[in-house]
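Tertiary structure, described
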Amino acid sequence: MGYAHEYAHAILHRGRVPMEPTDHVVNWDDGPRKGKYYPHAEAFALPATEDLADVPVAPGLLPGAVPVRDGDAARGFSLPLLSAMLQDSYGLTGRRLGIQANTDLPGLPFYTHANWSRGTAGGGGLYPVSIHWASGASGPLAPGLHYYDIHRHALQRLLAGDVTDRVRRALGPDAPAEALDTDQYLILGVKYWQNSFKYNSFSFHVVSTDVGTLVHTWRIWAAARGLRLAPVMWFDESRLNELLGVEGEEETVFAVVPLRWDAPASSRAPALDDAPRTDPAHRPSVRHRDVERSRTLLDFTALREMHSATLAGATDRPVPGALAAAAALPADAGGDRVELPAPAFPGTGLRRTLRDRRSSFGRFDARRRVAGEHLSAVLAACAGTRLAGDTDPAGEVRLARMYAFVNHVEGVEQGAYVYDAERGDLRLVAAGPQGSFLQENYFLANYNLEQAGVVLVPTVRTGAVLDAVGDRGYRLAVGTAGAVAQSFYLAASALDLGAGVALGFDNVSFVERLGLADGDEAPLLIMALGHERPGPADFRHEIA
């Protein structure tokens with residue numbers, strides 16, 4: 001077993017055995033920026049996106065949503081579509097200043113501490129994922145490598161010239177066909193310090209969820225337009241780091257997302273076995289450097305070792321079907337069952353769903369029960385989540401299994417349940433009220449979990465994933481949990497329900513309560529769902 005097994009064990013037990021360094025103190029005054037800063041890179045404004053027609057949330061990724069209408073399906077990405085997807089997923093779309101229970105509330109009225117909302121959830125609101133666009137000859141701009149500047153909704157050109165053949169070669173000849181038959185790629189990097197300054201050794205786990213949330217947002221967004229996106233997670237990471245001009249120990253590429261572009265076939269990428277379009281001896285690399293705000297940067301042993309562990313074997317793509325051995329276990333046939341109504345989703349527009357997504361932070365109100373069909377819809381959305389990609393191109397393997405701690409749901413008695421994704425019902429695991437257990441095993445004070453209608457817990461057989469595909473599979477296992485969290489948030493937003501996802505809980509207590517001690521399922525998140533108190537005070541940023 002590799003180091004990732006050891007790290008996964010430490011993450012599961014960190015509520016009882018703190019991870020080193022135990023004396024770490026966050027220096028907020030010397031924290032990093034929320035994004036990268038290239039002061040000398042030329043910037044290009046992306047097209048405005050407000051006039052783009054909204055479409056319903058994509059079916060299949062959030063079950064029960066309205067299908068794509070005739071005429072809504074796109075032949076491929078265009079610059080306006082790419083601009084809209086970036087804006088809706090990771091761009092700054094609003095300012096949050098509502099009265100709530102999170103610890104950062106006192107600083108939010110000050111502009112320098114403003115909390116800008118995004119369509120994609122972010123662990124701790126830190127958003128350490130950097131988005132680069134490698135564009136070739138079929139694209140709308142001069143070929144080059146660009147960085148997406150979230151604050152200006154603009155592209156910064158970091159490198160001129162077509163380097164997409166370098167990207168294809170880094171992906172390797174055994175990459176999925178759609179990854180090689182294009183010259184347009186979104187490259188997702190993670191700047192570790194942007195997260196580790198707060199979470200230290202825990203940060204590799206957190207950034208892996210962040211990548212999963214963003215990729216899944218893009219999959220939902222693209223599917224709503226009739227397009228398919230799937231991440232490539234096995235590739236020559238060192239080669240792409242060299243292309244981006246970053247040090248792997250400080251910042252590294254986690255995923256590559258190929259884009260099908262709306263362009264004539266003649267302008268698309270040549271096959272890998274064709275003559276290279278540039279001199280093989282020439283190794284282009286970005287010379288612009290991100291200017292760090294922090295004066296002092298710290299290193300963390302566990303983070304460095306996890307980076308090394310997941311870098312080893314990065315080009316050894318698992319054989320087809322390897323991931324099936326780590327699939328979520330089917331629900332037991334017996335036990336007390338609770339039928340749920342069929343999932344019910346309104347035809348909510350995806351853009352509105354993304355703009356309304358937020359964390360409830362202590363605003364839950366138990367006086368209004370969650371409707372059974374709404375719980376059914378959220379569970380179906382979460383259980384249907386797949387990252388797909390090069391390990392599971394068809395999206396056939398379900399990695400996450402869903403559990404529900406029911407507090408206040410119409411037609412369902414209080415208790416802990418396992419969700420049967422095939423039957424769409426619940427099987428009782430532990431009867432009786434769960435509120436005290438939930439609150440006692442939550443580390444923070446920003447939620448009263450007893451007031452939530454239900455708390456959902458996704459589990460992934462993390463060890464089985466690592467056994468099946470190696471240490472690099474940790475990014476996939478935890479990224480899947482992040483994708484489930486994004487499905488949860490968007491389903492709640494579409495249903496106008498409050499939602500909140502947290503990582504700060506005693507995982508072992510949940511293993512014990514759910515009777516998982518003899519298995520290999522690891523609870524990775526807790527996700528609270530419910531109605532919020534009526535008439536909350538908030539800030540209307542759009543008219544300020």
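Now for a quick tour of the structure. (Residues numbered from 1 in each chain as written. Predicted model: local features only at pLDDT ≥ 70, side-chain atom pairs only at ≥ 80, totals over all residues. Heavy atoms only, no water.)

**Re the pattern of salt bridges**
All told, the structure shown has 28 salt bridges when counted by the stated rule. Here Arg-16 and Glu-512 are joined by a salt bridge, their closest N and O atoms 3.4 Å apart. Here Arg-16 is found in the loop between helix 1 (3–12) and strand 1 (42–45), whereas its partner Glu-512 is found in helix 14 (residues 507–513), with 496 residues between them in sequence. Judged by its relative accessible area of 42%, Arg-16 is partly exposed. The salt bridge partner of Glu-251 is Lys-36, with a shortest N-O separation of 2.7 Å. With Glu-251 in strand 8 (residues 251–258) and Lys-36 in the loop between helix 1 and strand 1, the pair connects residues that are 215 residues apart, well separated along the chain. For Lys-36, a relative accessible area of 7% gives the class buried. Through salt bridges that share partners, Glu-50, Asp-88, Arg-351 and Arg-355 make up one connected network. (Salt bridge = Lys/Arg side-chain N within 4 Å of Asp/Glu carboxyl O. Helix = DSSP H or I, 4+ residues; strand = E, 2+ residues; numbered from the N terminus. Buried < 20%, exposed > 50% of the residue type's maximum accessible area, 1.4 Å probe, protein only.)

**Some words on the nonpolar core**
Core analysis: the largest hydrophobic core is formed by 148 residues, its most contacted members being Phe-77, Trp-218, Leu-456, Tyr-474 and Met-527. Take this core: its biggest share by element is 14 residues, from helix 13 (residues 473–494). Dropping the residues within four chain positions of it, Trp-218 is found in contact with Met-85, Leu-86, Ser-89, Ile-131, Leu-186, Leu-188, Leu-229 and Val-257. In terms of nonpolar packing, the next biggest core, distinct from the first, is built from 25 residues, Tyr-38, Leu-180, Leu-240 and Val-256 among them. (Core = buried A, V, L, I, M, F, W, Y, C linked by side-chain atoms within 4.5 Å. Contact = heavy atoms within 4.5 Å.)

**Some remarks on the packing of aromatic side chains**
Per the stated rule, a full pass over the model turns up 21 aromatic pairs. Between Phe-204 and Phe-254, the ring centres sit 5.7 Å apart and the planes meet at 45 degrees, which makes this aromatic pair tilted. Of this pair, Phe-204 sits in helix 6 (residues 203–224) while Phe-254 sits in strand 8, and the two are 50 residues apart along the sequence. The class for Phe-204 is buried, based on a relative accessible area of 0%. These aromatic residues form a ring-pair network of at least three members: Tyr-3, Tyr-7, Tyr-192, Phe-204, Phe-254 and Tyr-474. We note Arg-118 situated over the ring of Tyr-127; from NZ or CZ to the ring centre the distance is 3.9 Å. (Phe/Tyr/Trp six-rings, centres within 6.5 Å; stacked < 30°, edge-to-face > 60°. Lys NZ or Arg CZ within 6 Å of the ring centre and 35° of its normal.)

**Quick notes on the sheet that holds strand 6 (residues 154–160)**
Ordered in space as 1-6-5-4-7-8, the six strands form an open sheet in which the pairing is antiparallel. The open sheet terminates on both sides in strands that have one partner only, identified here as strand 1 and strand 8. Each strand of the sheet is rotated relative to its neighbour by a mean of 30 degrees, with strand direction disregarded. Judged from the four bridges that link them, strand 1 and strand 6 form a sheet pairing that is antiparallel. Paired with Ala-43 across the two strands is Gln-156, which belongs to strand 6. With respect to the sheet, helix 2 (residues 79–90) is in contact with strand 4 (129–135), strand 5 (144–149) and strand 7 (184–191), its orientation differing from that of strand 4 by roughly 175 degrees. (Pairing = 2+ DSSP bridges. Axes fitted to C-alpha atoms, helices over the stretch in contact; angles between N-to-C directions.)

**Observations regarding the packing of helix 10 (residues 372–383) against helix 13**
Packing of helix 10 against helix 13 leaves a shortest axis separation of 8 Å and a crossing angle of 150 degrees. Taken together, the axes of helix 10 and helix 13 lie roughly antiparallel to each other. For helix 10 against helix 13, the interelement crossing comes out right-handed. Mapping the contact onto sequence places Val-378, Ala-381 and Cys-382 in helix 10 and Val-484, Ser-487, Phe-488 and Ala-491 in helix 13. By residue class, the composition of the contact of helix 10 with helix 13 is six nonpolar, one polar and no charged. (Parallel < 35°, antiparallel > 145°, perpendicular 65-115°, else oblique. Left-handed = near helix turned anticlockwise from the far one by under 90°. Nonpolar A, V, L, I, M, F, W, Y, C, P; charged D, E, K, R; others polar.)

**Quick notes on helix 1**
Of all 10 residues in helix 1, seven are buried; the element is thus mostly enclosed. Looking at the buried positions of helix 1, the neighbouring elements they touch are helix 6, helix 8 (301–311), helix 12 (462–469), helix 13, helix 14 and strand 15 (522–523).

**Quick look at the pairing of strand 12 (residues 425–431)**
Judged from the two bridges that link them, strand 9 (residues 337–338) and strand 12 form a sheet pairing that is antiparallel. What sits directly across from Val-338, in strand 12, is Leu-426. Taken together, the six bridges between strand 11 (residues 415–420) and strand 12 define a ladder with antiparallel strand orientation. By the bridge assignment, Gly-415 is partnered in strand 12 with Ala-431. If you look at the hairpin formed by strand 11 and strand 12, you'll find four residues sitting between the two strands, and Gly-424 has a positive phi there, around 75 degrees.

**Describing the packing of helix 2 against helix 6**
Taken N-terminus to C-terminus, the directions of helix 2 and helix 6 make an angle of 135 degrees; their axes are 10 Å apart at the nearest point. The angle between helix 2 and helix 6 falls in the class oblique. Considering the relative orientation of helix 2 and helix 6, their crossing is right-handed. Contacts between helix 2 and helix 6 involve Leu-81, Ala-84, Met-85, Leu-86, Asp-88, Ser-89 and Tyr-90 on the former and, on the latter, Leu-214, Thr-217, Trp-218 and Trp-221. Per-class residue counts for the contact of helix 2 with helix 6 are eight nonpolar, two polar and one charged.

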